[in-house]
Amino acid sequence: MPTDSTAAPLRLLVLGGTGFVSGAVAAEAVARGHDVTCVARGTGGTPPPEGARLLRADRNAPEGLAPLRGTRFDAVVETATLSLPWVQRALRDVSAGHWTFISSISVYADTYTRGQTARTARLRPALPDAASYDPAHDPEPSQATYGGVKLACEQAIREATGDAAFVVRPGLIVGPGDDIGPFGYWPLRMARGRATAVPPAAGADGLALPAQCVDARDLAAWIVEQAAARASGVYDAAGPPVTLDALLHEVADAVGHGSLELVPVPEDILRGAGVREWTGRPSMPLWPPRELHGALARDVTSSFEAGLRARPVAETARAVLRDRLGRGAGTPPVAGLTPVEEASLLRLAGA
Ligand SMILES: NC(=O)c1ccc[n+]([C@@H]2O[C@H](COP(=O)([O-])OP(=O)(O)OC[C@H]3O[C@@H](n4cnc5c(N)ncnc54)[C@H](OP(=O)(O)O)[C@@H]3O)[C@@H](O)[C@H]2O)c1
């Protein structure tokens, strides 16, 4: 792993650090020799990476971050998922020379049109009274709510820092440690080999279905490097746009064996069998609903110009497979098909 050897070590605060994405940021920062403090309740079962210290705090408590008052950090990475009050209190209680905020692609108003850029895409309208939104009472927020709260958090941080913050808007984040995303189904399924039901290559409009994701470790490396460089700006955080068909073949080539054969199942068969798009059970993971075609085909040229690097999907697939197998059966998969459901679809598809 590269080290930021040219820069002095940062005194870095990661608000989070025990979860999938925030844990990757903390791990990357530790590996690069930075002095890392994580803030979390520490109840999720995943410790912060070795070498980082954990300050236990509950951010739902208005004074949860009070122990940080009076300590100066070089940089802070705010990973608050969905709470404007968390962000406002962090801005009040944390003193830092640089801020990064992990936002979301859900801030954009138009998720249908392909090829949009962070500079020109229209944003959602602000959510009225975002500060009173409480995720505890709304476990499955709409995209409008999720995007509206994220946008309000972005605005709070940009205002407080005089637009000197680094704001990243990820789409689908994948990689080892992710237990809830739809990507993880494919490496495990394809490693089992044989005929494998996959989504059709094209949508009802005749266009190839899109896919776009970023490995959490690549996102983390970018965030830590940009914090060290005190960079500012607003960027999408996604790998290159590809077709879903190409992505699935890359996963197959990375983890599959001789017996593996990808069998596209036509859309009418999937719908007739009640198979869901994107995620859930039963589903064709990553099969994108029409309203996400634009969100999965963004022009991320400016992000790559600003230092984002994306490893091949094949590398991510192998790492996800190792991670899942290494952790055993554990939690049941959240997305995909059972072998029985898949066999029935394959029969209907004539395979
Ligand atoms: N996953 C994706 O595909 C995706 C896509 C777009 C954007 N994002 C954004 O990426 C960021 C990271 O997402 P993630 O799901 O992977 O989150 P994560 O890194 O798992 O971060 C959640 C962190 O918050 C801490 N936390 C939760 N409740 C807390 C509380 N009450 N007080 C203090 N700490 C608390 C958790 O630790 P404890 O549980 O130990 O407290 C954990 O360290 C989020 O901003 C999310 O919106 C994710």
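Here's what I pulled together on the structure shown here. (Residues numbered from 1 in each chain as written. Predicted model: local features only at pLDDT ≥ 70, side-chain atom pairs only at ≥ 80, totals over all residues. Heavy atoms only, no water.)

Moving on: the site of the ligand. In the vicinity of the ligand there are 27 residues, among which T18, S22, R41, Y146 and K150 approach most closely. Contacts to the ligand include T79, whose backbone N or O atom sits 2.9 Å from an oxygen atom. Notes on the ligand: free accessible area 890 Å², of which the protein chains cover 83%. Of all the secondary structure elements, the ones that give two or more residues to the shell around the ligand are α1 (20-31) and α3 (143-160). The dominant element in the shell around the ligand, judged by the number of residues it contributes, is α1, at three residues. (Near = heavy atom within 4 Å. Polar contact = N/O pair within 3.5 Å; in protein donor to acceptor, adjacent residues only side chain to side chain. Areas by Shrake-Rupley, 256 points an atom, 1.4 Å probe, with all protein chains shown as cover. Helix = DSSP H or I, 4+ residues; strand = E, 2+ residues; numbered from the N terminus.)

Here the focus is the nonpolar core. Nonpolar side chains in soluble globular proteins generally cluster together in the buried interior. Formed by 39 residues in total, the largest nonpolar core has its most connected members in F183, W186, M190, L247, V251 and M284. Every element with two or more residues in this core is listed here: β9 (172-174), α4 (185-191), β10 (195-198), α6 (244-255), β15 (261-264), α7 (267-272), α9 (313-326) and α10 (339-348). Apart from residues no more than four positions distant in its own chain, L247 is found in contact with F183, A211, C213, V242, L286 and V313. (Core = buried A, V, L, I, M, F, W, Y, C linked by side-chain atoms within 4.5 Å. Buried < 20%, exposed > 50% of the residue type's maximum accessible area, 1.4 Å probe, protein only. Contact = heavy atoms within 4.5 Å.)

Quick look at α6 now. Between its first and last C-alpha, α6 extends 17 Å over twelve residues, near the 16 Å set by a 1.5 Å rise per residue. Those residues of α6 that fall on the buried side of the exposure criterion are L244, L247, L248, V251, A252, A254 and V255. The arc that holds the buried residues of α6, viewed along the axis, is 165 degrees, so those residues lie on one side. (Expected span 1.5 Å × (residues − 1). Arc of directions from axis to C-beta.)

Turning to the environment of S103, a few remarks are in order. Tracing the backbone through its elements, the reader meets S103 in the loop between β7 (99-102) and α3. A residue is classified by how much of its surface remains accessible, and S103, at 4% relative accessible area, is buried. Distance from S103 to R169, taken between C-alpha atoms, is 4.7 Å for residues 66 residues apart in sequence. Not counting residues within four places of it along the chain, the set of residues in contact with S103 comprises K150, E154, V167, V168, R169 and P170. Looking at S103, its side chain comes within polar contact range of the side chain of E154, at 2.6 Å.

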